[in-house]
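If you want the building blocks of each chain, they are given just below.
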Amino acid sequence: MHTAHPQWPGIAAHLTAALAGWVLGTAIQLQQPALWDWLVYASIVLPALVLLAWVAHKNIASLWRAAAVFTAVAALAFAASGLRATFFLHSALSPSLEGRDVDVTGVVAALPQRNESGLRFRLRVEDAQRDGIAVDLPPLVDVGWYGGLFPNGSDVLALQRQPADLKAGERWRMTLRLKAPHGSRNPQGFDYELWLWEQGVQATGYVRATARDPVPQRLGQTWQHPVALARQNVRERIFAAVEQRQFAGLIAALVVGDQNAIERADWDVFRATGVAHLVAISGLHITMFAWGAALLTGWLWRRSARLCQAVPAPVAALACGVVLALAYALFSGWGVPAQRTCLMLAAVALLRLSGVRWPWPQVWLLACAVVVAADPWALLQAGFWLSFVAVGVLFATNSGAADEGNTGVRARFVAAMREQWVITVALAPLTLLLFGQVSVVGLLANALAIPWVTLVVTPLAMLGVLVPLAWDMAAQGIGWMLLCLQWLAALPWATFSVATAPWWVAVAGVVGGVALVAPLPWSLRGLGVPLLLPVLLWQPVLPAQGEFELLGADVGQGNAVLVRTARHALLYDAGPRYSLESDAGHRVLVPLLQTLQTRLDRVVLSHRDTDHVGGAAAVLAMQPQADLLSSIAPDHSLQSMRPAQRCEEGQRWDWDGVQFEVLHPRAQDYDALDRGDPKPNALSCVLRISTARASALLVGDIEQAQEARLVADDTLLKATVLLVPHHGSQTSSSAEFLNAVQPAMALVQSGYRNRFGHPAAPVMQRYRERNIAVHESPRCGAFTWRSDQADAAECTRSMGLRYWHHRMP
Ligand SMILES: [Zn+2]
């Protein structure tokens, strides 16, 4: 048995102070909306070091000493991550190169991903030129290469060359068009810009591949990125060996970490049953893999008395677990979540193997501080916290690989299952907080799927690299598991979701969850329950009776506005489709409605264009109670999901004291379309929402003719807020129309650097001349406006602005 360090209490206090200081100093730096000059960060370092040196030599009370250590280390951590960010930002893409053709030579730095529209890959830039003059590009860029027709100029479509069969490690010369990383910003939504920042990617773009562009040239294979190349080869072998594409995709996900080939329906099943972490090579998956490897090694090691004499089984199990997890993480793509989990596992294992027995809170703090030192931005990632808790429960406490003594196989099996349960239970409240949703059947699904995937399917899938027959067995195993999961996912009470609560409720909930599973007396553990209750019972704030709220979601180039009254909700348009597999519904609106715990009573789809109905299928599938009001044709594919009622002038309803009225189209406008008028824009449903004091006008893509018709008919158009017609296109926002609406405020929903050039400058000039405050979604992110504070609006982008967020020039 190990014994505690003789001077432990004194050391522990300082160590705890230092580790906690490091984490806190980093966390504070992550709150900075903008970076300071590097000299400011650098000037923090010296006084902090002086303070540390002074503490080391001075004989002062230990409480003061701990406080001084805490402060000095926090300042150092703040300065360190500030300096790192400053230097990283130096290599950002120059705005003058955005949207220009640049000739780039570079090496394919990761496994290229193929989808229906082309190829996506990461390029390490070696050399870049514009018109023959060398220019500086960021070292790492994410690029797409699309085949088929591509808009070249405003209306001209050009045929592009099909993407070549790129291999990791190949050097290519190609013409690229790049832009700064820009993602949509929605309340509690995924932070794409942070995600790219953390991976060191500072520009995204596409290969220019029309007939007029130079042909992309393969310059040869390099020896860079050999692991990625090996993964690519294994992926190809899997797809050649396994007949069913669905299973081949899942095996590829498990072996080489390529989740692209997993079908969307399977993802939905995994999410609904809470086992998505198993196929996503998340930190949690790596942790469970290490746990499985440690269990197996320990069991095998104990078969040999000689081995046990040389190295005790728990030590061997722990070391093997970490080393195998490292190898697996490396081969499955060495993604950022895998890197930080390995770091965390290594820190915990080294500490344990060195013979020091620290109390578990310090071990957790050490694991956290080590990861944060390597990757400060991990603190903001949900995946980090999930794997952190899992590593903590399995490896930092006294369970898992360190299990000593000679218990029988059955007792060991029971112990392993119990640990696995503890993990699932401990992660449930955290998942609820991070994702607003926890899978009720997830407890059962994880109890079956974690051991099955960790101990059976993944080893078989790995073995397939040597013996391809094992892939068939793995496919069989996945097939059985999918059947079970599909059955579980179909249960009516499969998921439980709550509204995202404010941070203080969340913190109380996490403390409650930890208390429940911590090795404490049951009387103390019981305190966890009241701490958890606010999270479970949290109700989002809704408008008062007679008032309403608009939330213009940030969906890129397209419309989507959520309207909420005291007890009702309506979604006006459902945003664009991004590609065959992804749309604004899946990516933005479904998560947003979940975060807000909103049940829609009605979906209005203004007209059939894909930038308005692209996300509708996903939203309608998740909101079975909502009815549909739209101008889409009777044979439109959405009609089979939910029969749509035609929107028509004169329809009106009252929700909680708020008036809704449809102003356009008229019945005869539909007849015009039946006669073959090709423009669906003309049929956009126009909706006016009003209280006694404030009002909003949502107009879809109506153009000047419809605007003139509305003005000529003397329709009551006046509104406090206007959704700018047709995303600010030149076709719309005529002077007469603006004079009739007289908005104080307007919202343009358009994409950053969209190919239509929306909003058009002359149109914006018309708004400026009338002193209308215009908010553009690329600058504002999600836009929130409330009828009881009619002169104010809230922009998600500026509310939560951090230094890694893109600022439009
Ligand atoms: Zn549109």
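Given the structure is predicted, the values throughout are model-derived calculations rather than measurements.

(A) Highlighting the overall build of the protein chain. For the protein chain, the helix and strand inventory stands at 29 helices and 27 strands. At 29 Å, the protein chain has a C-alpha radius of gyration in line with the 28 Å of a compact globule built from 809 residues. In terms of principal-axis extent, the alpha carbons of the protein chain reach across some 95 × 60 × 60 Å. Long-range pairs, those at least 24 residues apart, make up 70% of the contacts in the protein chain with a sequence separation of at least 6.

(B) View of the pattern of salt bridges. One pass over the structure, following the stated rule, counts 22 salt bridges. For D101, the salt bridge is made with R208, and the minimal N-O distance between the two is 3.2 Å. Here R208 lies in the loop between β9 (204-207) and β10 (217-221) and D101 lies in strand β1 (residues 101-108), a separation of 107 residues in the sequence. Looking at D101, the relative accessible area reads 25%, which means it is partly exposed. Two residues, E549 and R786, come together in a salt bridge whose shortest N-O distance is 3.5 Å. Here E549 is found in strand β13 (residues 549-552), whereas its partner R786 is found in strand β26 (residues 783-786), with 237 residues between them in sequence. Using a relative accessible area of 31% as the deciding quantity, one classes R786 as partly exposed. Several salt bridges share partner residues, and in doing so they unite D101, R177, R208 and D213 into one network.

(C) Molecular detail of the pairing of strand β5 (residues 140-146). The element β5 is largely enclosed, with a buried count of 6 among its 7 residues. Bridge count between strand β3 (residues 118-130) and β5: 7 bridges; the pairing is antiparallel. What sits directly across from L123, in β5, is V141. In terms of strand pairing, β5 meets β9 through 3 bridges, oriented parallel. If you follow G144 over to β9, its bridge partner there is Y206.

(D) How the structure looks around the coordination of the zinc ion. All of the protein donors around the zinc ion are D611 (OD), H612 (NE2), D701 (OD) and H727 (NE2); their distances to the metal are 2.1 Å. Viewed at the metal, the 4 donor atoms of the zinc ion are separated by angles of 84 to 148°, and the geometry they form is irregular. Each donor residue of the zinc ion lies on the same chain, and together they follow the pattern D-H-x88-D-x25-H. Here the residue H612 occupies a position in helix α22 (residues 610-613), and D701 occupies one in the loop between β22 (695-698) and α25 (704-712), the gap between them amounting to 89 residues. Judged by its relative accessible area of 0%, H612 is buried. We classify D701 as buried; its relative accessible area is 1%.

(E) Just the packing of helix α9 (residues 283-301) against helix α12 (residues 336-353), in detail. In the contact formed by α9 and α12, the axes pass within 8 Å of each other and the chain directions differ by 40°. Classified by the angle between their axes, α9 and α12 sit oblique to one another. Judged by the sense of rotation from one axis to the other, the crossing of α9 with α12 is right-handed. Two secondary-structure elements touch here, α9 through G283, I286, T287 and A290 and α12 through P337, A338, T341, C342 and L345.

(F) Spatial organisation of unusual backbone geometry. Going from H664 to P665, the amide bond is cis rather than trans, its omega being 0°. Within the secondary structure layout, P665 lies in the loop between β20 (658-664) and α24 (667-674). With an omega of -10°, the peptide bond between H758 and P759 qualifies as cis. Mapped onto the secondary structure, P759 falls in the loop between β24 (745-748) and α27 (761-769). Of note in this structure, H727 is not a glycine but carries a positive phi near 55°. Examined against the element boundaries, H727 turns out to sit in the loop between β23 (721-723) and α26 (735-741). Among the residues examined, H727 registers a relative accessible area of 1% and is labelled buried.

(G) Up close: a nonpolar patch on the surface. Together, V440, W493, F496, V529, L533, L536 and L537 give the surface a local cluster of nonpolar side chains, amounting to about 640 Å² of exposed area. Looking at the nonpolar patch element by element, the count peaks at 4 residues for helix α20 (residues 528-537). Structurally, the position occupied by L536 is in helix α20. For L536, a relative accessible area of 36% gives the class partly exposed.

(H) The arrangement of the state of the cysteines in detail. Tallied over the entire structure, the rule returns 2 disulfides. Across the disulfide, C647 is cross-linked to C685 (sulfur-sulfur distance 2.0 Å). Measuring the twist about the S-S bond at about -75°, one finds the C647-C685 disulfide to be left-handed. Here C647, found in the loop between β18 (644-646) and β19 (652-655), pairs with C685, found in the loop between α24 and β21 (686-690); they are 38 residues apart in sequence, far enough to count as distant. Residue C780 pairs covalently with C795 via a disulfide, S to S 2.1 Å. Between C780 and C795, the S-S dihedral sits near -100°, and the bridge is therefore left-handed. Remark: C795 occurs in strand β27 (residues 793-795) and C780 occurs in helix α28 (residues 777-780); sequence separation between them is 15 residues.

(I) The arrangement of the side chain of R231 in detail. Counting through the fold element by element, R231 comes out in helix α5 (residues 226-241). Of the buried charged residues, R231 lacks a salt bridge, with D258 as the closest side chain of opposite charge at 6.8 Å. At 2.9 Å, the side chain of R231 and the backbone oxygen of F331 are in polar contact. Beyond its immediate chain neighbours, meaning those up to four positions away, R231 contacts L111, V256, G257, L330, F331, S332 and G333.

(J) Structural view of the sheet that holds β24. Spatial ordering of the open sheet is given by β19-β20-β21-β22-β23-β24-β25, a layout of 7 strands whose pairing is mixed. Looking at the sheet topology across the chains shown, the edges are occupied by β19 and β25 (773-776). Each adjacent strand pair in this sheet contributes to an overall mean axis angle of 15°, direction not counted.

(K) How the structure looks around the nonpolar core. Counting 96 residues, the largest nonpolar core has I238, I251, F270 and F395 as its most contacted members. In this structure, F270 is in contact with L250, I262, V275, A276, V279, M481, L482 and L485, ignoring residues within four places of it in sequence. In terms of nonpolar packing, the next biggest core, distinct from the first, is built from 30 residues, F548, V561, V604 and L683 among them.

(L) The arrangement of α25 in detail. Looking only at α25, the buried set comprises Q706, E707, R709 and L710. Projected down its long axis, α25 shows its buried positions confined to an angular sector of 160°, all on one face. The exposed residues of α25 that point more than 90 degrees off its buried face are A705 and A712. Tucked into the core, α25 has its buried residues touching β20 and α26.

Reading guide: rules and limits
- Here the residue index of a chain counts from 1 through its sequence in written order.
- Totals for whole chains, interfaces and linings use every residue, but because this is a predicted model, local features are given only for residues with pLDDT of at least 70 and side-chain atom pairs only at 80 or more, for both listing and counting.
- Side-chain numbers here rest on the full set of heavy atoms in the structure, without hydrogens or water.
- A run of H or I in DSSP becomes a helix once it reaches four residues, and a run of E becomes a strand once it reaches two; helices and strands are each numbered from the N terminus.
- Each radius of gyration reported is based on C-alpha atoms, and the globular scaling rule is 2.2 Å times the count of residues to the power 0.38.
- Every residue pair with non-hydrogen atoms within 4.5 Å of one another is taken to be in contact.
- Whenever Lys or Arg places a side-chain nitrogen within 4 Å of a carboxyl oxygen from Asp or Glu, that contact is recorded as a salt bridge.
- Throughout, exposure labels follow a simple rule: accessible area from a 1.4 Å probe, protein chains only, divided by the maximum for the residue type, with under 20% read as buried, over 50% as exposed, and the rest as partly exposed.
- In this analysis, strands are considered paired if DSSP registers two or more bridges between them.
- In this description, a donor is an N, O or S atom within 2.8 Å of the metal centre, a cutoff extended to 3.2 Å for sodium, potassium and calcium. Water is not part of the atom list, which can make sites seem incomplete.
- Sites are called tetrahedral only when four donors show all angles between 85 and 135 degrees, square planar or octahedral only when four or six donors show opposite pairs over 155 degrees and all other angles between 65 and 115, and irregular in any remaining case.
- Orientation is described by lines fitted to C-alpha atoms, with helices fitted over the stretch in contact, and by angles between N-to-C directions that extend from 0 to 180 degrees.
- Convention used here: angles under 35 degrees read as roughly parallel, angles over 145 as roughly antiparallel, angles from 65 to 115 as roughly perpendicular, and any remaining angle as oblique.
- By definition, turning the near helix anticlockwise from the far helix through less than a right angle yields a left-handed crossing, and turning it clockwise yields a right-handed one.
- Each patch groups residues whose relative accessible area exceeds 30% and which form no salt bridge, using 9 Å between like charges and 5 Å between nonpolar side chains of Val, Leu, Ile, Met, Phe, Trp and Tyr.
- To measure how exposed things are, a 1.4 Å probe is used in the Shrake-Rupley method; for residues, cover is taken only from the protein chains shown.
- A pair of cysteine sulfur atoms is labelled a disulfide when the two atoms are within 2.5 Å.
- Charge assignment: positive for Lys and Arg, negative for Asp and Glu; neither His nor the chain ends contribute.
- Here a polar contact is recorded for every N or O atom pair within 3.5 Å, except that within protein the pair must consist of a potential hydrogen donor and a potential acceptor, and residues adjacent in sequence are included only if both atoms are side-chain atoms.
- Nine residue types can take part in a nonpolar core, namely buried Ala, Val, Leu, Ile, Met, Phe, Trp, Tyr and Cys, and a core is a set of them joined through side-chain atoms within 4.5 Å.
- The arc in question is formed by the directions pointing from the helix axis toward the C-beta atoms.

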